[in-house]
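An overview of the molecular structure
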Amino acid sequence: YKRGNKIMNELQITEQIVAPVLALNFDELEAQAKQIADTYTSVAITDDTYMSAKADAKKLAGYVNDIEKKRKAIKSQAEAPIKEFDKRCKAIEQILTDAKTAIEGVTVKYDDDRRKERQDKIQKYVDDQISKIGLDQKFASRLVRPAAMDNLSATLKSIKEDYDTQIAVLKQQLKKVRS
């Protein structure tokens, strides 16, 4: 695997965070809201004031809606840079993820090829050993494939030794059967 003449360094991430300043005339609005609310703390409804009270409730709901709309509009403006930030970070992450996936695909194939090549070498070795000592198929079929066969970090020597041990035991069993 070659990366050309380039040296892969650590990814350099530089950040600059400028917190948004969100301002409304909060103190003034709060004072006005309290003043309006105070006028309705001890309201007595009669037949004469019923319609007026319904209109006042509708008016108060309108104030709440106005504040809600303004809050959402300001929040949306403040979130726009965050959404753009997320979008750009995810795009960069995807570039690196795609590269990682490409490398993993190649390495998996390479590992599979190495595993197959090694299995072929081991099988030839085992077949030669079986033939050398004259083990028949009945005894040869008792050989257990070592778990290390799938581990690419296991050495051929250790796998051969595992098979050699098994073959030696089978050879002893074959001698007992023949005697």
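Here the structure is shown first, and the text comes after it.
Residues numbered from 1 in each chain as written. Predicted model: local features only at pLDDT ≥ 70, side-chain atom pairs only at ≥ 80, totals over all residues. Heavy atoms only, no water.

Another point: the overall build of the protein. A count of helices and strands for the protein gives four helices and zero strands. Walking the protein from its N terminus toward its C terminus, one meets helices and strands in the order α-α-α-α. Rg of the C-alpha trace for the protein: 40 Å, well past the compact-globule value of 16 Å for 179 residues, more than 25% over. In the protein, buried positions account for 12% of the 179 residues. At a minimum sequence separation of 6, the contacts of the protein that also span at least 24 residues come to 75%. Accessible surface for the protein amounts to roughly 15400 Å². Of this, 56% is attributable to carbon and sulfur atoms. (Helix = DSSP H or I, 4+ residues; strand = E, 2+ residues; numbered from the N terminus. Rg over C-alpha atoms; globule rule 2.2 N^0.38 Å. Buried < 20%, exposed > 50% of the residue type's maximum accessible area, 1.4 Å probe, protein only. Contact = heavy atoms within 4.5 Å. Areas by Shrake-Rupley, 256 points an atom, 1.4 Å probe, with all protein chains shown as cover.)

Moving on: helix H4 (residues 156-178). Between its terminal C-alpha atoms H4 stretches 32 Å, which fits the 33 Å expected from 23 residues at 1.5 Å a residue. Taken together, the buried positions of H4 are occupied by Ile159, Tyr163, Gln166, Ile167, Leu170 and Leu174. If you follow the buried residues of H4, they end up packed against helix H2 (50-133) and helix H3 (137-140). (Expected span 1.5 Å × (residues − 1).)

Taken N-terminus to C-terminus, the directions of H2 and H4 make an angle of 25 degrees; their axes are 11 Å apart at the nearest point. One finds that H2 runs roughly parallel with respect to H4. Considering only the axes of H2 and H4, their crossing is right-handed. Along the contact surface, H2 presents Arg118, Lys121, Ile122, Tyr125, Val126, Gln129 and Ile133, while H4 presents Leu156, Ile159, Lys160, Tyr163, Asp164, Ile167 and Lys171. Split by residue class, the contact of H2 with H4 holds eight nonpolar, one polar and five charged. (Axes fitted to C-alpha atoms, helices over the stretch in contact; angles between N-to-C directions. Parallel < 35°, antiparallel > 145°, perpendicular 65-115°, else oblique. Left-handed = near helix turned anticlockwise from the far one by under 90°. Nonpolar A, V, L, I, M, F, W, Y, C, P; charged D, E, K, R; others polar.)

Side chains of Leu11, Ile13, Ile92, Ile95 and Leu96 sit close together on the surface and give an oily, nonpolar patch of about 560 Å² of accessible area. Relative to the elements of secondary structure, Leu96 occurs in helix H2. (Patch = residues over 30% accessible without salt bridge, like charges linked within 9 Å, V, L, I, M, F, W, Y side chains within 5 Å. Salt bridge = Lys/Arg side-chain N within 4 Å of Asp/Glu carboxyl O.)

To continue, consider the nonpolar core. Core analysis: the biggest nonpolar cluster contains 15 residues, and Ile122, Val126, Ile130, Leu135, Leu143, Ile159 and Tyr163 have the highest contact counts within it. Considering every element that reaches this core, the biggest residue donor is H4, with five residues. Apart from residues no more than four positions distant in its own chain, Ile130 is found in contact with Leu135, Ala140 and Leu143. (Core = buried A, V, L, I, M, F, W, Y, C linked by side-chain atoms within 4.5 Å.)

With respect to the helices and strands, Gln129 occurs in helix H2. Setting aside anything within four residues of it in sequence, one finds Gln129 in contact with Asp164 and Ile167.

Under the definition given, this model contains ten salt bridges. One salt bridge in this structure joins Glu68 and Lys72, with 3.7 Å as the shortest N-O distance. Of the two residues, Glu68 and Lys72 are both situated in helix H2; the distance of four residues between them amounts to about one turn of the helix. Here Lys72 falls in the partly exposed class, since its relative accessible area comes to 48%. One salt bridge in this structure joins Arg115 and Asp112, with 3.1 Å as the shortest N-O distance. Here the residue Arg115 and the residue Asp112 both occupy positions in helix H2, the gap between them amounting to three residues, near one helical turn.

Right, let's talk about H2 for a bit. Because each turn of an α-helix spans 3.6 residues, side chains separated by three or four positions end up pointing in the same direction. Glu79 marks the point of greatest bend in H2, at about 35 degrees, and the proline Pro81 comes within the next four residues. The elements touched by buried residues of H2 are H3 and H4. The first or second residue beyond H2 is Gly134, which carries a positive phi of 75 degrees. (Bend = angle between axes of the 7 residues up to and from the residue.)

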